[in-house]
Amino acid sequence: MKKYISLILTLLSFTVSSQNKGAITGNVSINLEQPAALKITLNNNQLITYSDANGFYEFKEVPFGTHKITVSGMNIQTTKKTVNIKKEESYSVDFDLTN
């Protein structure tokens, strides 16, 4: 009986830990162009991704809470935005930069 209770508690803790996460997606554009390979970081390099050829980026499995997104690259000014993840859904954060 103790083995079953232990198994149930383990499964419940795994289920709870996989919840309470959202996603952040967005597009980066400069002077109406959509640059590729700009570095996008979440919470001072905790997570790192790069924009694709269309300027799109994505962070999956982002825990609930307030997060700082930073975009940087050659010949552009580093730009930061803050997003607060409250639900298990995707949040869109776009950047329109000028060089």
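If you're wondering where the values come from, they're calculated on a predicted model, not measured in any experiment.

Undergrad: Can you help me understand the overall build of the protein chain in this one?
TA: Helices and strands together make up the secondary structure of the protein chain, namely one helix and eight strands. Taken from the N to the C terminus, the helices and strands of the protein chain come in the order α-β-β-β-β-β-β-β-β. Here the protein chain holds 99 residues, and the buried ones make up 30% of them. In the protein chain, the share of contacts with a sequence separation of at least 24, taken over all contacts with a separation of at least 6, comes to 52%. Carbon and sulfur atoms make up 54% of the accessible area of the protein chain, which amounts to about 6,900 Å² in all.

Undergrad: I would appreciate a short explanation of the packing of aromatic side chains in the present structure.
TA: How two aromatic rings sit relative to each other is given by the distance of their centres and the angle of their planes. With the rule as written, the count across this model stands at two aromatic pairs. A ring pair is formed by Tyr-57 and Phe-59, whose centres lie 6.1 Å apart and whose planes are at 65 degrees; its orientation type is edge-to-face. Overall, Tyr-57 belongs to the buried group, its relative accessible area being 1%. On the accessibility criterion, Phe-59 (4% relative accessible area) is buried. Through pairs of rings, three or more aromatic residues link up here, namely Tyr-57, Phe-59 and Phe-95. The residue whose ring lies beneath Lys-81 is Phe-95, and the NZ or CZ to ring-centre distance is 4.9 Å.

Undergrad: Looking at this structure, how should I read the nonpolar core?
TA: One recurring pattern in soluble globular proteins: nonpolar side chains tend to sit buried together. Residues Ile-24, Val-28, Tyr-57, Ile-69, Val-71 and Phe-95 are the most contacted members of the largest nonpolar core, which totals 18 residues. Secondary-structure elements contributing two or more residues to this core are strand E1 (21-30), strand E2 (39-42), strand E4 (56-63), strand E5 (65-72), strand E6 (79-85) and strand E8 (95-97). Once residues within four sequence positions are removed from consideration, Phe-95 is found in contact with Asn-27, Val-28, Ser-29, Tyr-57, Ile-69, Val-71, Thr-79, Lys-80 and Lys-81.

Undergrad: What's the story with the side chain of Thr-25 in this structure? I'm lost.
TA: Mapped onto the elements of the fold, Thr-25 is located in strand E1. Judged by relative accessible area, which is 14%, Thr-25 ranks as buried.

Rules and cut-offs
Residues numbered from 1 in each chain as written. Predicted model: local features only at pLDDT ≥ 70, side-chain atom pairs only at ≥ 80, totals over all residues. Heavy atoms only, no water. Helix = DSSP H or I, 4+ residues; strand = E, 2+ residues; numbered from the N terminus. Buried < 20%, exposed > 50% of the residue type's maximum accessible area, 1.4 Å probe, protein only. Contact = heavy atoms within 4.5 Å. Areas by Shrake-Rupley, 256 points an atom, 1.4 Å probe, with all protein chains shown as cover. Phe/Tyr/Trp six-rings, centres within 6.5 Å; stacked < 30°, edge-to-face > 60°. Lys NZ or Arg CZ within 6 Å of the ring centre and 35° of its normal. Core = buried A, V, L, I, M, F, W, Y, C linked by side-chain atoms within 4.5 Å.

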